[in-house]
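Overview (structure and organization)
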Amino acid sequence: GGIGVAHNGNLTNSVTLRNKLVEDGAIFYTTSDTETIVQLIAKSKRNKTVDKVIDAIFQIQGGYGLVMLTQNSLIGVRDPYGIRPLVIGKLGNSYVLASETCALDIIGAKFVRDVENGEIVLIENDELKSILSSKLKT
């Protein structure tokens, strides 16, 4: 299925990843780091979207905040060093993600918390699940 990605940050290994992806047959239409991330997600052999995202983030380096939207879920990822901000808010019964709390204020959402360094948040059916990437490396 489709995926929408918003990305704030820079990957320090994007050229290396991009070259490897091209060698493996990937076709790029832009020079954006975001497209590299999407290509890594698409290349993953895993079944669940969140597992594909996990595969991708273990390959990327740098400072970033990612928000991804699929037909059934909203996924947020913050880099392991917390270089880029990412916050969780609540608007009615629904969760929202933003790079800064001022965006929550503009839409009338209540600040819930920061996404932790290296954390992945998965929002499905108005339910928030947290996955800490440091625990996934085992």
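In the block above lies the structure referred to throughout.
Procedures and definitions
Each chain has its residues counted from 1, running along the sequence as written. Confidence filtering applies because this is a predicted model: local features only for residues at pLDDT of at least 70, side-chain atom pairs given and counted only at 80 or more, and all residues used for totals across whole chains, interfaces and linings. Side-chain measures were taken over the full set of non-hydrogen atoms in the model, leaving aside hydrogen atoms and water. Only buried residues count toward a nonpolar core, which is a set of Ala, Val, Leu, Ile, Met, Phe, Trp, Tyr and Cys residues joined through side-chain atoms within 4.5 Å. Using a 1.4 Å probe on the protein chains alone, a residue whose accessible area is under 20% of its type maximum counts as buried, one over 50% counts as exposed, and one in between counts as partly exposed. Numbered from the N terminus, helices here are DSSP runs of H or I no shorter than four residues, and strands are runs of E no shorter than two. The pairing criterion for strands is at least two bridges between them, as found by DSSP. Angles run from 0 to 180 degrees between N-to-C directions of axes, and those axes are lines fitted to C-alpha atoms, restricted for helices to the stretch in contact.

This paragraph deals with the nonpolar core. Formed by 21 residues in total, the largest nonpolar core has its most connected members in Ile-57, Ile-60, Ile-75 and Val-77. Per element, the largest residue contribution to this core is five residues, and it comes from helix H3 (residues 49-57). In this structure, Leu-97, Val-115, Val-121 and Ile-123 belong to the second largest nonpolar core, which totals eight residues.

This part is about the sheet that holds strand S6 (residues 110-114). Across the sheet, three strands lie side by side as S5-S4-S6; this open sheet has antiparallel pairing. Each of the sheet's edge strands pairs with one partner strand only, and the pair in question is strand S5 (94-98) and S6. Each strand axis lies, on average, 30° off the axis of its neighbour in the sheet, ignoring direction. Two strands pair when backbone bridges link them, and strand S4 (residues 87-91) and S6 are joined in this way by four bridges, in the antiparallel orientation.

The element strand S7 (residues 119-124) is extensively covered by neighbouring structure, given that five of its six residues are classed as buried. Bridging between strand S3 (residues 74-78) and S7 involves four bridges; their strand directions are antiparallel. Residue pairing for S7: Ile-75 is matched across the bridge by Leu-122. With six bridges joining them, S7 and strand S8 (residues 127-132) adopt antiparallel strand pairing. Paired with Ile-123 across the strands is Leu-128, a residue of S8.

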